[in-house]
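# Survey of secondary and tertiary structure
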Amino acid sequence: MKRNNAAKTKPRARQAKDPIASASNADRTDKGASAGSDKPLVEDSREHSKTIPGFPIVGVGASAGGLEAFTNLLKALPPKPDMAFVLVPHLDPRHESAMTDLLGRATAMPVLQVHDGIRLKRNQVYVIPPNRDMTISDGTLRLVTREPGGPHMPIDTFLRSLAFDLRSNAIGVILSGTASDGTLGVAAIKNEGGITFAQDSKSAKYDGMPNSAIASGCIDMVLPPAGIAQELMRIREHPYVTNPPSETSESIDGDSSRQMPQVFRLLKQVCKADFSDYKPATIRRRVMRRMALRKLEDLGDYVQTLQKDRAEVQALYNDILINVTNFFRDKDVFDALRRTVYPAILKGRFGTDTLRLWVPGCSTGEEAYSHAISLLEYLTEARADVSVQIFATDLSAGAVQKARSGVYRESISADVSPARLKRFFNKVEGGYQISKAVRDVCVFANQNVFSDPPFSHIDIISCRNVLIYLSQSLQKRVIPIFHYALRTGGYLVIGNTEGLVGTGAELFEPVHKKHKIYRKKPVPSPVAFGVPPEHFDASFPMAEPPAAATPGGVPRSPLELQREADRLLLTRYGPAAVVVGPDLEVIQTRGQAARYLELPTGKASLNLLKMIKPGLLFHVQNAIQDVKEKGVPVRTENLQVESDGSFATIHIEAIPFGTPTNADSSVLVVFEDASAAQGQGTAPAAPPLAPEDAKDHLIAQLKQELTATKEYQQSIIEALEASNEELQSANEEIQSGNEELQSTNEELQTSKEELESANEELNTVNEEMQHRNYQLAQLNNDLLNLLASVNIAILMLSSDFTIRRFTPRAEQLLGFSASDVGRPLVHVKLKFAIPEFEHLLIEVMRNGDIRERQFEHDGAVYRLRISPYRTSEGSIEGVVAIIMNLSEFRTPVRGRQRNRKRA
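Residues numbered from 1 in each chain as written. Predicted model: local features only at pLDDT ≥ 70, side-chain atom pairs only at ≥ 80, totals over all residues. Heavy atoms only, no water.

### Quick look at the overall build of the protein
What counts is decided by this rule: Helix and strand definitions follow DSSP, with helices as H or I runs of at least four residues and strands as E runs of at least two, each counted in order from the N terminus. In this description, contact between two residues means that some pair of their heavy atoms is separated by no more than 4.5 Å. Areas reported here follow the Shrake-Rupley algorithm with a probe of radius 1.4 Å; residue values treat only the protein chains shown as occluding.
Summing up its helical and strand segments, the protein has 26 helices and 29 strands in all. The long-range share in the protein, meaning contacts at least 24 apart out of those at least 6 apart in sequence, stands at 68%. If you sum the accessible surface of the protein, you get close to 46,400 Å²; carbon and sulfur atoms cover 52% of it.

Rendered as structure tokens:
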């Protein structure tokens, strides 16, 4: 077999400024082994070191019509696209493939058939050999022999391993083909932050595979092969690919730190979800991915796009939620639950006590249905007569709607064993649907786990899709909620890469450290309810805050000019003053108040009595006390205060005042300089004192203040002693009453929490019942239209031969009317008598066998067929009688026979 020689190409150095600083890959969930097979498709161990290639790897899958699609894709690529391409077609396992030679003629790149252990290089094309399954690990391709039997999904197998190995550097392409291989693979790539493509229906020879991938919601672009090649080259130049997100970097450049709050506000406005406390790396990686798809490299340009395009905000919201999961993710966890948790929660449980399980962040339902199937299997094996109820909630309304329907692609056969598919699934067009018995166990609803009331009395909480995306502050909020929701001794299951932070170690004890299974400790739940929801601005787009105007940029109004003039006059000519509240805290200052106030040493305080200078303390305190008691202004004159090493004479006036909105009166304390008052003629001039006289005057003043202070202090002490005795007895009574109120408050709080939880459950069940009522209405309409369109007389009777339903033909033939429904058949007069009708009805009800009779009436021949009416449980609850006029069917036949004889 002739092959193209691989030319050694030197990697091109690419450097580009990252519009958003490199983000960590902490937002990855486990995509582990499948529970339905003996061997996992992709080994899911995140602890080993990885050597990731410095270039993107494009995984391309196709089946029927794939050769033409592969050829068109490779022809449209340049000779050196700076990528590696791995092609996974569906090949005949019994024959050698010539695809390598055929594709080698369509491209200048070397086209190689894969052998085990080959290391990927850029600018080369690799093709899977026949009868092999292929995975990738550390940039090296690994081959295993295809296992006989069961569905063969080589595209899913490779793309899922590619997503695990390359993270956001993986690219998935689904081309022409039938069935649904590749759907799970592109879902895994999108979950890891990679980019996905699908061929459009017009250019695809067979559109089954592309349409299946598109319907999953995991395809970013739908294009013909040539368009896919063009977009690959454009994306290759984008910083998201040239400078892939780092595993550890959490830094944010200056531009991003200013723009990211705008992104959070837009998500709040449009989607009513706050992601500001999610891990910054997760959000930045998803924003960078959307920027690459929108052909933008600057974060500011992307913010403008979000402001103009509501659909792009919704697309970013869907990317952040990452509604991607699979059945029986991490089989070992379910095995550990069967060995450890299920026996413990069933111990001592009676049949009337429902086993309750909560799956927050249920995505499209695979996790909840996996737990339902696992529990039902265990209960059957243990022969336990216990009912099961599973609450599954998610923030995404679309994901919840899909989970309710329970319809999944055929590719789930890679994760679900054939035995489980047969027992718990029904084959429908294009895939499988969860059986009604399993769907009835699960109740799906929209819920924000951080703000909506949680469920209560839960036995198991399985939260393996949420905590990994949350910052530590959000985890500290949600873990106490889980503790409250669980019964005493209930279990919490989290993802393998997650851990309990904050008070988690105090609330839960580990049961299985490897699989992250914890048991609730019997301690009070430190959770607070009743926090009001955030208010969102409904306007769109987000308006930028107005920039501050320059002092001379905008003319001021006359009112502003007047205020400015008043301020200048008060500052220059007004006396120093302070406004204090009822607690003597300084609210405002006016003028040169710093001459009379100073900050106290130690802890900062704005209490006037702590800030006033020592010489004025007594007088200011007395003045304020008199104002509060009498409610009139109090003035004290000719006080000596030291300022800058000299003494000055001042007057103090305390003035009470209040505002319409403040019932507690405040006090304005004014400090007047006596020299300024003298200059204005408002006070007589005081003769200057000699230094010795000034000293004696100050000593006398200080003695007077000290004596007054002692007297005031003594009166305060006596009043306090009398009050203390009264307060002590009152305190004892209040303390006992407080204890009673505290216990009552705790009981009321507990009752409130239980009522909120019960109300949430009722809302959830009501929503589910409304959905099922809608389905029943549809089924009833289908049945009515079916009976109306069948031109056969059909009569349905209940077990006591009461008329349940009949077709329009039966109404014409036997003479029924709409009012006959619900009446016994013996009370209805028929147009003609049917021989042995009542006897045959009784016989069918008794034996459950089908009875047929033929009779004549008015020259017409009729056939009567009576069969039992069976319920879904197999019991007989009535009969169904069918009356056919054989003459109507025979006449055309005789006419045709006459025509043949004439011919």
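### Some words on the sheet that holds strand β26 (residues 803–806)
How we decide: By definition, two strands form a pair when at least two bridges between them are found by DSSP. Here an axis means a line fitted to C-alpha atoms, over the contact stretch when the element is a helix, while the angle between two N-to-C directions is reported on a 0 to 180 degree scale.
The strand order across the open sheet formed by five strands is β26-β25-β29-β28-β27, and the pairing between neighbours is antiparallel. At either end of the open sheet lies a strand with only one pairing partner, and these are β26 and β27 (851–857). Direction aside, the axes of adjacent strands within the sheet are offset by 20° on average. With eight bridges connecting them, strand β28 (residues 860–870) and strand β29 (residues 876–885) associate as antiparallel partners. Bridging from a neighbouring strand, Tyr 862 pairs with Asn 885 of β29.

### Notes on the sheet that holds strand β7 (residues 170–174)
The parallel open sheet is built from seven strands, whose spatial order is β3-β4-β2-β1-β7-β8-β9. Bordering the open sheet on either side are β3 (111–113) and β9 (221–223), each of which pairs with just one other strand. Direction aside, neighbouring strands of the sheet carry axes that sit 20° apart on average. Here strand β1 (residues 57–62) runs beside β7; their pairing, made up of five bridges, is parallel. The residue bridging Gly 61 from the neighbouring strand is Ile 174, located in β7. Across the sheet, helix α1 (residues 66–75) touches β1, β2 (84–89), β4 (124–127) and β8 (195–199), and the angle it forms with β1 is around 150°.

### Concerning the environment of Phe 334
Note that Phe 334 resides in helix α12 (residues 331–346). Distance from Phe 334 to Ser 374, taken between C-alpha atoms, is 7.3 Å for residues 40 residues apart in sequence. Those residues in contact with Phe 334 that lie beyond four places of it in its chain are Phe 328, Arg 329, Ser 370, His 371, Ser 374 and Arg 464.

### Remarks on helix α21 (residues 614–630)
The criterion, for reference: Under the convention used throughout, the expected extent of a helix is 1.5 Å for every residue step, that is, one less than its residue count.
Between its first and last C-alpha, α21 extends 25 Å over 17 residues, near the 24 Å set by a 1.5 Å rise per residue. With its phi angle positive at about 75°, Gly 631 sits one or two positions after the end of α21.

### As for the pairing of β8
Our working definition: Partly exposed residues are those whose accessible area sits between 20% and 50% of the maximum for their type, while under 20% is buried and over 50% is exposed, using a 1.4 Å probe and protein chains only. We call a crossover right-handed when, viewed with the strands running away from us, the connection from the first strand over the helix to the second turns clockwise.
The buried fraction of β8 is high, at five of five residues. Side chains Ile 195, Phe 197 and Gln 199 project from β8 onto one buried face, and the interleaved Thr 196 and Ala 198 project onto a second face that is buried too. In terms of strand pairing, β7 meets β8 through four bridges, oriented parallel. The partner of Gly 172 across the bridge, within β8, is Thr 196. In the classification by handedness, the crossover that spans β7, the intervening helix α4 (residues 183–191) and the parallel β8 is right-handed. As paired elements, β8 and β9 share three bridges and run parallel to each other. When the bridges of β9 are listed, Gln 199 appears paired with Leu 223. A crossover links β8 with its parallel partner β9, the connecting element being helix α5 (residues 208–215), and its sense is right-handed.

### Concerning the confidence of the model for the protein
In plain terms, the rule: The pLDDT value expresses, per residue, how confident the predictor is, ranging between 0 and 100.
For the protein, the average pLDDT comes to 80, and 81% of its residues sit at 70 or higher. Between the elements of the protein, mean pLDDT differs from a low of 58, seen in helix α22 (residues 674–680), to a high of 95, seen in β4. Between residues 1–50, whose pLDDT stays under 50, and residues either more than four places distant or in other chains, the model counts 163 contacts. Segment residues 680–686: pLDDT under 50, and six contacts once partners within four positions in sequence are set aside and those in other chains are kept.

### Remarks on helix α9 (residues 280–293)
Over its 14 residues, α9 extends 20 Å from the first C-alpha to the last, a length consistent with the 20 Å expected when each residue adds 1.5 Å. Lys 295, located one to two residues past α9, shows a positive phi value of around 65°.

### With respect to the packing of α1 against helix α6 (residues 225–236)
Using the following cut-off: An angle below 35 degrees is treated as roughly parallel, one above 145 as roughly antiparallel, one from 65 to 115 as roughly perpendicular, and anything else as oblique. Each crossing gets its hand from how the near helix is turned against the far one by less than a right angle, where anticlockwise is left-handed and clockwise is right-handed. Gly falls in the polar group here, along with every residue not listed as nonpolar (Ala, Val, Leu, Ile, Met, Phe, Trp, Tyr, Cys, Pro) or charged (Asp, Glu, Lys, Arg).
Orientation of α1 relative to α6, taken along the N-to-C sense of each, is 40°, at an axis distance of 8 Å. In terms of orientation, α1 and α6 fall into the oblique class. In this structure, α1 crosses over α6, and the sense of that crossing is right-handed. On α6, the residues that touch Ala 69, Asn 72 and Leu 73 of α1 are Pro 225, Ile 228 and Ala 229. Among the residues forming the contact of α1 with α6, the class breakdown is five nonpolar, one polar and no charged.

### Focus: the packing of aromatic side chains
Note the threshold: Side-chain rings of Phe, Tyr and Trp, where Trp is taken by its six-membered ring, are said to pair if the distance between their centres is within 6.5 Å; with planes under 30 degrees apart they count as stacked, over 60 as edge-to-face, and otherwise as tilted. Lysine NZ or arginine CZ positioned within 6 Å of the ring centre and within 35 degrees of the ring normal marks a charge as sitting over the ring.
On inspection of all chains with the given rule, the structure shows 17 aromatic pairs. With a centroid separation of 5.8 Å and 90° between ring planes, the pair formed by Trp 358 and Phe 482 is classed as edge-to-face. Here Trp 358 is found in strand β10 (residues 355–360), whereas its partner Phe 482 is found in helix α17 (residues 472–485), with 124 residues between them in sequence. Residue classification places Trp 358 among the buried positions, given a relative accessible area of 0%. On the basis of relative accessible area, Phe 482 is assigned to the buried category, the value being 1%. Measuring from centroid to centroid gives 5.1 Å for Phe 806 and Phe 816, while their planes differ by 25°, and the two rings are stacked. With Phe 806 in strand β26 and Phe 816 in the loop between α24 (808–814) and α25 (837–847), this residue pair connects regions lying 10 residues apart in the sequence. Residues Phe 806 and Phe 816 agree in their burial class; the two are buried. Members of the aromatic cluster, joined through ring pairs, are Phe 327, Tyr 369, Tyr 408, Phe 425, Tyr 432 and Phe 444. Looking at Lys 427, its charged tip hangs above the ring of Tyr 432, at a distance of 5.2 Å from the centre. Above the plane of the ring of Tyr 869 lies Arg 804, whose end atom (NZ or CZ) is 4.7 Å from the centre.

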